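Structural characterization, general
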Amino acid sequence: MSRKKTLVVFVSLFLIFTMAFEAFAFNTDKDKQKLDEVTKEKEEVTKQKKQNEKQQGDITQKIHKLEENIRNLEGEIAQINKDINETKGRIETTKGELIKAEENLSTKNETFNSRLEVMYKNGDVGYIEVLLGSTDFEDLLTRIDMVKRLVKHDTDLLKYLKEQRDLIENKKITLENQKSQLLTLMNNTKKKQEDLRVSRGAMQRAKKELEKNHVALEKQEDELADLAERIKEVIIRNQSDENYVGGQMTWPAPGVRTITSPFGYRIHPILRRKKLHTGIDIGIGYGENIVAAQSGKVMYADWQGGYGKVVMIDHGGGIVTLYAHNSKLLVKEGQRVERGQVISKCGSTGMSTGAHLHFEVRENGQYVNPEKYVKRP
Ligand SMILES: [Zn+2]
């Protein structure tokens, strides 16, 4: 090999190594940048979710207010209906009174007319006869006075009866006006109530829309949280280059064989919606020992959201195990642990309904069924 050829090979190898190293470094930077983006995106989604919750609260209050108003109008309508019925009753009574008054008037009129008829038809003859029938002058004056008084009494009575009839007639007209006003009021009130119902309908639809968006935002938030978790793991894994020691793992809850909830999709016991159960739940008692399923290096040993007090162990080759909801952690980040070594005490920290071990296995940041790696004793 000539010097020149040797140089070319050397430079090429140098370039390949440098590029490989840079590619690796670049990837880690890119992952960190991606993690930042995902974290920001998740924060934005959380903000939107909170805003959505506030809007839902506001709209619920408005709906309640509208419902209260609709109920109040219901009461008003019932009262108006009662008033209308009462007015109708009074109109009927007044009609009866009016008929009676008319009857009285016409009876009196007839009596009066026939009396007048007797007096005037017979004309002077009758009159003279009455007067001639008088025994003396005094009697004559008395008879004239009697006739006059009789006529006046009849005229007064007729006038009174006419007045009574007019009063009743006016009362009837007033009542009919009242009725028509009440009917208008009724129509307006019903219209107002209908308008409120329309508003309520629109708000209920808006609320449904918000609820739908909320579900979508929650899902998005979950997905972004999962994605961030996986990127974190990839970053940590890229910084360690050990291989997985391989093989079957040991059962992490010594002496306890009950799987209370397997890996896979299920209705979440607290969130009450379909969600991937990312590990297996083992029904181990509070305070009991939890052991490392495989030798490795502690990646994380602290509180983490829904997991509560959690231990994550890197076993090399992209394989990570996770032990959640502990009451006490016995290892520290960066510490080496051996297969079967006690790492924590069981508890119910984080999003948990009771003491148990939530055990996960991840391959390159992806959740896998832990039963692929561990066997129930
Ligand atoms: Zn679980």
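Residues numbered from 1 in each chain as written. Predicted model: local features only at pLDDT ≥ 70, side-chain atom pairs only at ≥ 80, totals over all residues. Heavy atoms only, no water.

Re the overall build of the chain
Assigned secondary structure in the chain consists of three helices and 13 strands. Among the 377 residues that make up the chain, the fraction classed as buried is 32%. Long-range contacts, defined here as pairs at least 24 residues apart, represent 71% of the contacts in the chain between residues at least 6 apart. Carbon and sulfur atoms form 55% of the exposed surface of the chain, whose accessible area is close to 23,700 Å². (Helix = DSSP H or I, 4+ residues; strand = E, 2+ residues; numbered from the N terminus. Buried < 20%, exposed > 50% of the residue type's maximum accessible area, 1.4 Å probe, protein only. Contact = heavy atoms within 4.5 Å. Areas by Shrake-Rupley, 256 points an atom, 1.4 Å probe, with all protein chains shown as cover.)

Observations concerning the nonpolar core
With 28 residues, the main nonpolar core has Met 249, Tyr 323, Ile 343, Leu 357 and Phe 359 as its most contacted residues. Listed by contribution, the elements that provide at least two residues to this core are strand E4 (280-282), strand E6 (296-303), strand E7 (309-314), strand E8 (319-326) and strand E12 (357-363). Element by element, the count of residues in this core is highest for E12, at three residues. Other than its neighbours up to four places away in sequence, Leu 357 contacts Pro 252, Ala 253, Ile 280, Asp 281, Ile 282, Ile 284, Ile 290, Tyr 323, Ala 324 and Cys 346. (Core = buried A, V, L, I, M, F, W, Y, C linked by side-chain atoms within 4.5 Å.)

Some remarks on the packing of aromatic side chains
The geometry of an aromatic ring pair is captured by two quantities: the separation of the ring centres and the angle between the planes. A full pass over the atoms with the stated rule returns one aromatic pair. Geometrically, the ring pair formed by Tyr 323 and Phe 359 is tilted, given 5.3 Å between the ring centres and 45 degrees between the ring planes. Residue Tyr 323 is located in strand E8, and its partner Phe 359 is located in strand E12; the two are separated by 36 residues in the primary sequence. (Phe/Tyr/Trp six-rings, centres within 6.5 Å; stacked < 30°, edge-to-face > 60°.)

So, the confidence of the model for the chain
When the pLDDT values of the chain are averaged, the result is 85; 86% of them are 70 or greater. Between residues 15-26, whose pLDDT stays under 50, and residues either more than four places distant or in other chains, the model counts one contact. (pLDDT = per-residue confidence, 0-100.)

Focus: the pattern of salt bridges
Tallied over the entire structure, the rule returns 19 salt bridges. For Arg 197, the salt bridge goes to Glu 74, with nearest N and O atoms at 3.5 Å. Highlighted residues: Arg 197 in helix H3 (residues 137-239) and Glu 74 in helix H1 (residues 3-121), separated in sequence by 123 residues. Judged by relative accessible area, which is 41%, Glu 74 ranks as partly exposed. Here Glu 360 makes a salt bridge to Arg 362, at a shortest N to O gap of 2.8 Å. Residue Glu 360 is classed as buried on the basis of its relative accessible area of 0%. (Salt bridge = Lys/Arg side-chain N within 4 Å of Asp/Glu carboxyl O.)

Section: the sheet that holds strand E9 (residues 328-329)
Backbone-to-backbone hydrogen bonds join strands into a sheet, with any given pair of strands oriented parallel or antiparallel. Pairing within the open sheet is antiparallel, and its three strands lie in the order E5-E11-E9. Two strands lie at the open edges of the sheet, namely strand E5 (289-291) and E9, each paired on one side alone. Pairing geometry for E9 and strand E11 (residues 342-345), over two bridges, is antiparallel. Each residue of the ladder has a partner; that of Leu 329, found in E11, is Ser 344. (Pairing = 2+ DSSP bridges.)

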